[in-house]
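The primary structure of each chain is shown beneath.
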Amino acid sequence: MQLANVSKVYRSLSGSDYEAVRDLSLDIDAGEFFCLLGTSGCGKTTVLNMVAGFEPVTSGDIRIAGTAIEGPGADRGVVFQGDDSLYSWLTALGNVEFGLRMRGVSRREREEKARHYLELVGLTGQEHKHPPELSGGMKQRIQIARVLANEPQMLLMDEPFAALDAHTRAAMQRELLSIWRATGKTVLFITHDIDEAIILATKIGVMHAGPASKIKGVVDVTLSESERDRTHDRFVGAYRQVHEMIRDEVAISLERAH
Amino acid sequence: MRASLGKVSGYLLGFASLFLIWHAASTWLLNSVLFPPPGRVVAKALELAQEGVLGEQVAVSMMRIFTGFLGGTLIGIPVGLAIGSFTIVRRLLEPYTEFFRFIPATAMITVAVIWFGIGEGSKVFLIIYTTVFIIIINTAAGVASVAPNKIRAARSLGASRAQVFFFVALPATVPYILTGMRLAMANSFVTIIAAELVAANSGLGKMIWDSRMYMLVDQIFVALLVLGLLGFATDRLFRWGIYAFAGRFSPVT
């Protein structure tokens, strides 16, 4: 996936322009687990929304395998931060089947697939519950299973674990990693949490503080499974490197907020 | 099972205390022919029921409500969906809904009678009128409040715009539609009695009006009692229906 000189300008209600992203360029290789890290208000969700096709770019272009994207598509599955994207009138199974049902897959095949992915995210036995009956962590698992069942080429995840408690978040991170290893999908993962980025990513893109943000730099963090531990030397080294890059941006964004 | 038993016994106790207080008030507090005790009213109701008069009047009024309510719902839901889905439709139709919903159905009674006569036509028109705007407004509000992420998720799962409407916007709106219908049903009761009081040849409202002319206070109370019970039963039926057929749309109730 390739973003070339992408800019995004929003027009506010009062008519003044707000430039969220300016001249942002970024390459993500197939199979990469790419974390986009930035302070709040830096435009990282804007980038994800443009890649997902929810919002058009103001200028520049976004290509996947050489083809420019046109609106949302089943090749890019999106996991949202909150649970308001789940369908409360459908069961867990119904939610996971949704994409396959829309695309005309037969009942038997889609149920088989949905059950497989529910098992993969550890929700066997919860198939017939509705989202409001499930915990926050379980609801995020449904979202992940729903996207995986649709078999997209890419996963776009917008701070999917931000609303979870620390223990659930750590468990979900481990599971996401093993799912990623098993499926080999390209992942674009948005977060503001340095720890989370280092635990998950193969590459971390650090963004400048907003507005008119772009990529400040990309850090390679290919850690082995045993090194993805907060106390490991290589983890600490990566943390220092990333923290060095983002420290100034945090200060700038705080200053601008005042 | 135990919960529903508790519910029913609660209702029975509540109604029993209502009748007890009514009985006490009419016997000892206001001993007057103008305020009959429940016993006399029930006896009168049984008498009227045996003659067939009560059943006939109830059937007439309920049939009017049912027909008009059905009509209002069938018109209101698609119009509400269109207003909620398309800005242009909203701009075109909002003047109508925002104008007419402030003219109460009771104010339209005379016009309705002039246009549709004193029979069923004017009553059904008034019930449609009193239900349709509530259902339109609730349905449109429901469509407008569908979480944008629900629609985005569907689009990126491969749903077409038409599929988004039928499989996301519509089911997400069902609780709002049902709430609108419940409110509209309560309005229908108000409107039908007002219409029958003013201009009708039959129905519970007409029965109240006629009883007043001949000072048949017991008979007025029979009509009031029946109205209260019918309203209560209809609303329970509605809630039961919502729970049985659409409980999964709003599992909180």
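Residues numbered from 1 in each chain as written. Chains lettered and ligands numbered in written order. Predicted model: local features only at pLDDT ≥ 70, side-chain atom pairs only at ≥ 80, totals over all residues.

**Some thoughts on the overall build of chain A**
When its secondary structure is counted, chain A shows seven helices and ten strands. In terms of overall dimensions, chain A is globule-like: its C-alpha atoms have a radius of gyration of 19 Å, near the 18 Å expected for 258 residues. Overall size of chain A, expressed as C-alpha extent along the three principal axes, is 50 × 45 × 35 Å. Among the 258 residues that make up chain A, the fraction classed as buried is 41%. Across chain A, the fraction of contacts at a sequence separation of at least 24, relative to all contacts at a separation of at least 6, is 68%. (Helix = DSSP H or I, 4+ residues; strand = E, 2+ residues; numbered from the N terminus. Rg over C-alpha atoms; globule rule 2.2 N^0.38 Å. Buried ≥ 20, exposed ≤ 12 C-beta atoms within 10 Å, placed from the backbone. Contact = placed C-beta atoms within 7 Å.)

**Overview of the sheet that holds strand 1 (residues 2-11) of chain A**
The strands that make up a sheet pair up through hydrogen bonds in the backbone, lying either parallel or antiparallel. Pairing is antiparallel across the open sheet formed by four strands, whose spatial order is 2-1-4-5 (chain A). The open sheet has two edge strands with one neighbour each: strand 2 (17-27) and strand 5 (67-68) of chain A. (Pairing = 2+ DSSP bridges.)

**Thoughts on the domain arrangement of chain A**
Reports of interface size often rely on the accessible area that becomes lost once the parts have come together. Residue and element names in this part refer to chain A. Here chain A is partitioned into domain 1 (2-75 + 154-257) and domain 2 (82-151). Taken over C-alpha atoms, the centre of domain 1 sits 25 Å from the centre of domain 2. Listed by partner, the interface residues are ten residues for domain 1 and twelve residues for domain 2. Per-element accounting of the side of domain 1 that touches domain 2 gives the leading share, four residues, to helix 5 (residues 166-183). (Domains from an automatic or database assignment.)

**Some details on the interface of chain A and chain B**
Listed by partner, the interface residues are 20 residues for chain A and 16 residues for chain B. When contributions to the side of chain A that touches chain B are tallied by element, the ones reaching two or more residues are strand 6 (76-79) and helix 2 (92-102) of chain A. Residues belonging to the side of chain A that touches chain B are distributed by class as follows: eleven nonpolar, six polar and three charged. (Nonpolar A, V, L, I, M, F, W, Y, C, P; charged D, E, K, R; others polar.)

**Remarks on the pairing of strand 2 of chain A**
Residue and element names in this part refer to chain A. Relative to strand 2, strand 1 runs antiparallel, the two sharing seven bridges. What sits directly across from tyrosine 10, in strand 2, is tyrosine 18. Connecting the antiparallel pair strand 1 and strand 2 is a turn made up of five residues, with glycine 15 showing a positive phi of about 95°.

**Some points on the nonpolar core**
Ranked by size, the top nonpolar core spans 123 residues in total, and within it Ala145 and Leu188 of chain A carry the most contacts. Among the elements that make up this core, the one with the highest residue count is helix 6 (residues 120-144) of chain B (14 residues). Counting the residues that make up this core, at least three belong to each of domain 1 (2-75 + 154-257) and domain 2 (82-151) of chain A. Contact partners of alanine 145 of chain A, with chain neighbours within four places excluded, come to Val96, Tyr117, Leu118, Leu120, Val121 and Leu123 of chain A. (Core = buried A, V, L, I, M, F, W, Y, C linked by C-beta atoms within 7 Å.)

**Digging into unusual backbone geometry**
Unlike most non-glycine residues, aspartate 23 of chain A shows phi in positive territory, near 50°. For aspartate 23 of chain A, the location among the structural elements is in strand 2.

**Structural notes on the pairing of strand 1 of chain A**
Sheet topology note: the strand 1 of chain A/strand 4 (residues 59-64) of chain A ladder contains four bridges and is antiparallel. Across the sheet, glutamine 2 of chain A pairs through a bridge with arginine 63 of chain A, a residue of strand 4 of chain A.

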